Amino acid sequence: MIRKSIIYIAAACMALGLGSCSDDLNTSSSVDISDTQVLSTATGLNMLLEGNYNRFYFKTCSDDFRQVFKGVAGNYMIDMVRGNDVLCDDNLGGEQYEAYQYVSSFTLSSGSSSVMWTNMYNIINQCNIIIDNIDNAKGSDETKSNVKGQALAMRAYCYFQLVQFYQQTYAIAKEKAGVPLRLSSSDAADLPRSTVSACYEQIVNDLTTAKSLLGNFDRGEVKYYLNKDVVNGILARVYLVMNEWEKAKAVASEAFSNYSTLMTRDEWRSGFCHASYSEIMWGYYQTTESNMGDNGMFSFWYDWPESTGEPFYNFNNYFANSEYEALFEKTDDRYLFWHRKDAYTDKWAYSKFYDPGDGNAKSRGDYVLMRGSEMLLIMAECDAQLGNTTEALSYLNQLQKARNVKDLTTATAKNDLLESIYVERRKELLGEGGGGMLDYLRLQKPLVRTGDHFAAGMSSEVFPLASNDYRFIFQIPQREIQLNNSISESDQNPFSGQ
């Protein structure tokens, strides 16, 4: 549900490493932080923001009854496993296998439909507390601008995720019901679903305001903070969904200008567990204290190089589809595929996401959430859509050359060039929020599963899946309908159909 949250003191305690706190406005911790101190000073609100970042990435607060799809990287996994390029075996069941099959796990009767909803709205509620109090808080104008800008950017990102997963895409659903827009901690408990267009208008407003506030914010080497570059990148994604080609290109170009040193061959092949590389705009570091446990990309891919022997910890769920492997030249820097020699001799292992572990049978690699390459591809797609095919081809070739592609794209006809760009998105951005289910939705492409998918991922009762079929879309959680008097059964998304 999205009723007002009062867990900000617990979040502040978590940020300070003080252990668990009760979900009320009092704490007896050794530092004696009061609600007044938290809400009335920029320093206190910044502590609350730090706690919110923890949930944003690791989903460690209450209500975490599900183990997979944690935080931002978990949302990327949903997108990836519901496309065509990844296979998922039933080694241990769970949400990842249900998502792969498109079974009824995301209907209102299932707990799975509430995972993203609950987590995103808890983060939004915390952001609203920060936004409501920061202007009148004690502290420097610079600190207040930095805290407010990050909170606005985080709220916008959460709404962007929600509106993409809980309603059809912008191009065909502008006036359909999106998600409730809770914009203040004092809002009424019951709110109706706002239209998709209203949701996107709010997302853009939040991001553009955040961008202006974060103009001088220096995050140093800590790439998990949402700074101006990341805001530009998120805006580029949003405008891309909205088909606002000129705006998307402008912000993508601005972001790319600061992250244009593309990954080298050695960096690409190092396992995507190093957020420090120059091309990476946004990422976060896992530590012993702050991590996703064994429920992230590194533990689910059947991915370890044969030369290294046995993995540290791996569920052996994800494989690359044969048709995905066929997209790559063998000399491409991104070619990291091989057939296994054991039970999966007919399945492609793929070590894009590989981390050798921390020596204690745990994978604690960094997570990469946004890179300059994505901005380059957005620039190419926008120019192609605008008819600037020469410029679009130049951007596409720039990326291909950086990845050691020999057979460069030469097509200049708009549709052919766009298709080449879409293929390159799949090759470059798998597991990073590109090339998966959300691209099928925004591009209105049917999901036709071919290649060597497991039988459960090829069900004739589901596939092919039309681009506007509601089986792509999550249903509103049952608990929300029960507790929010402004949403009724008649407001529910259908499970299937168009």
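In this report, we go over the structure that sits alongside the text. (Residues numbered from 1 in each chain as written. Predicted model: local features only at pLDDT ≥ 70, side-chain atom pairs only at ≥ 80, totals over all residues. Heavy atoms only, no water.)

**Overview of the overall build of the protein chain**
Item 1. The number of helices and strands found in the protein chain is 19 helices and six strands.
Item 2. Taking all 498 residues of the protein chain together, the buried fraction comes to 60%.
Item 3. Across the protein chain, every contact between residues at least 6 apart in sequence was considered, and the portion connecting residues at least 24 apart equals 70%.
Item 4. Approximately 18000 Å² of the protein chain is accessible, and the part contributed by carbon and sulfur atoms is 47%. (Helix = DSSP H or I, 4+ residues; strand = E, 2+ residues; numbered from the N terminus. Buried < 20%, exposed > 50% of the residue type's maximum accessible area, 1.4 Å probe, protein only. Contact = heavy atoms within 4.5 Å. Areas by Shrake-Rupley, 256 points an atom, 1.4 Å probe, with all protein chains shown as cover.)

**Here we look at helix 11 (residues 245–256)**
Item 1. Along its twelve residues, helix 11 runs 16 Å from first to last C-alpha, staying within 8% of the 16 Å computed at 1.5 Å per residue.
Item 2. The set of residues buried in helix 11 consists of W245, A248, V251, A252, A255 and F256. Taken around the axis of helix 11, the buried residues stretch over an arc of 145°, which confines them to a single face.
Item 3. Contacts made by the buried residues of helix 11 are with helix 9 (196–213), helix 10 (228–241), strand 2 (280–284), helix 15 (372–385) and helix 16 (389–402). (Expected span 1.5 Å × (residues − 1). Arc of directions from axis to C-beta.)

**Observations concerning the packing of helix 15 against helix 16**
Item 1. Viewed as axis vectors pointing N to C, helix 15 and helix 16 meet at an angle of 160°, and their least axial separation amounts to 7 Å. The angle between the axes of helix 15 and helix 16 places the two elements in the roughly antiparallel class. Considering the relative orientation of helix 15 and helix 16, their crossing is left-handed. Touching S373, L376, L377, M379, A380, D383 and A384 of helix 15 are T389, E391, A392, Y395, L396, Q398 and L399, all from helix 16.
Item 2. Considered class by class, the residues forming the contact of helix 15 with helix 16 number nine nonpolar, three polar and two charged. (Axes fitted to C-alpha atoms, helices over the stretch in contact; angles between N-to-C directions. Parallel < 35°, antiparallel > 145°, perpendicular 65-115°, else oblique. Left-handed = near helix turned anticlockwise from the far one by under 90°. Nonpolar A, V, L, I, M, F, W, Y, C, P; charged D, E, K, R; others polar.)

**Regarding the nonpolar core**
Item 1. In terms of nonpolar packing, the biggest core is built from 154 residues, with F56, W282 and Y318 touching the most fellow members.
Item 2. Considering every element that reaches this core, the biggest residue donor is helix 7 (residues 141–165), with 13 residues.
Item 3. Look past the residues within four positions of Y318 in its chain and what remains in contact with it is F69, M77, M80, V81, V86, L87, C88, Q96, F300, W301 and Y302. (Core = buried A, V, L, I, M, F, W, Y, C linked by side-chain atoms within 4.5 Å.)

**Some words on unusual backbone geometry**
Item 1. P464 follows F463 through a cis peptide bond whose omega is 0°.
Item 2. Within the secondary structure, P464 sits in the loop between helix 18 (437–443) and helix 19 (478–483).
Item 3. For F272, which is not a glycine, the phi torsion comes out positive at approximately 50°.
Item 4. For F272, a relative accessible area of 3% translates into the label buried.
Item 5. Of note, the phi angle at N316 is positive, near 55°, even though the residue is not glycine.
Item 6. In this structure, N316 sits in the loop between helix 13 (297–300) and strand 3 (318–320).

**Quick look at the pairing of strand 2**
Item 1. Most of strand 2 is tucked away: five of the five residues are buried.
Item 2. Relative to strand 6 (residues 367–371), strand 2 is paired through four bridges, and the arrangement is antiparallel. In the sheet register, Y284 faces strand 6, and the bridge partner there is Y367. (Pairing = 2+ DSSP bridges.)

**Re the pattern of salt bridges**
Item 1. Counted under the stated rule, the structure contains 25 salt bridges.
Item 2. When the shortest N-O distance is used, the salt bridge between D206 and R155 registers 2.9 Å. Here D206, found in helix 9, pairs with R155, found in helix 7; they are 51 residues apart in sequence, far enough to count as distant. Of the two residues, D206 and R155, both sit in the buried class.
Item 3. R425 serves as the salt-bridge partner of D439, at 2.9 Å between the closest nitrogen and oxygen. Taken together, the residues span a long stretch of sequence, with D439 in helix 18 and R425 in helix 17 (residues 414–429) at a distance of 14 residues. (Salt bridge = Lys/Arg side-chain N within 4 Å of Asp/Glu carboxyl O.)

**Here's the deal with the packing of aromatic side chains**
Item 1. Following the criterion strictly, the structure yields 41 aromatic pairs and no others.
Item 2. An angle of 75° between the planes, with centres 5.8 Å apart, marks the rings of W301 and Y350 as edge-to-face. Placement of W301 in the loop between helix 13 and strand 3 and of Y350 in strand 5 (residues 348–350) is noted, with a sequence separation of 49 residues between them.
Item 3. Taken together through their ring pairs, the aromatic side chains of Y53, F56, Y57, F58, Y157, F217, Y224, Y225, W282, Y284, F298 and Y367 make up a single cluster.
Item 4. Its guanidinium or amino end placed over the ring of F454, K347 lies 4.9 Å from that ring's centre, counting from NZ or CZ. (Phe/Tyr/Trp six-rings, centres within 6.5 Å; stacked < 30°, edge-to-face > 60°. Lys NZ or Arg CZ within 6 Å of the ring centre and 35° of its normal.)

**Observations concerning the environment of N205**
Item 1. Here N205 lies in helix 9.
Item 2. In this structure N205 comes out as partly exposed when scored by relative accessible area, which is 37%.
Item 3. N205 sits 52 residues away from A153 along the chain, and the two C-alpha atoms are 9.8 Å apart.

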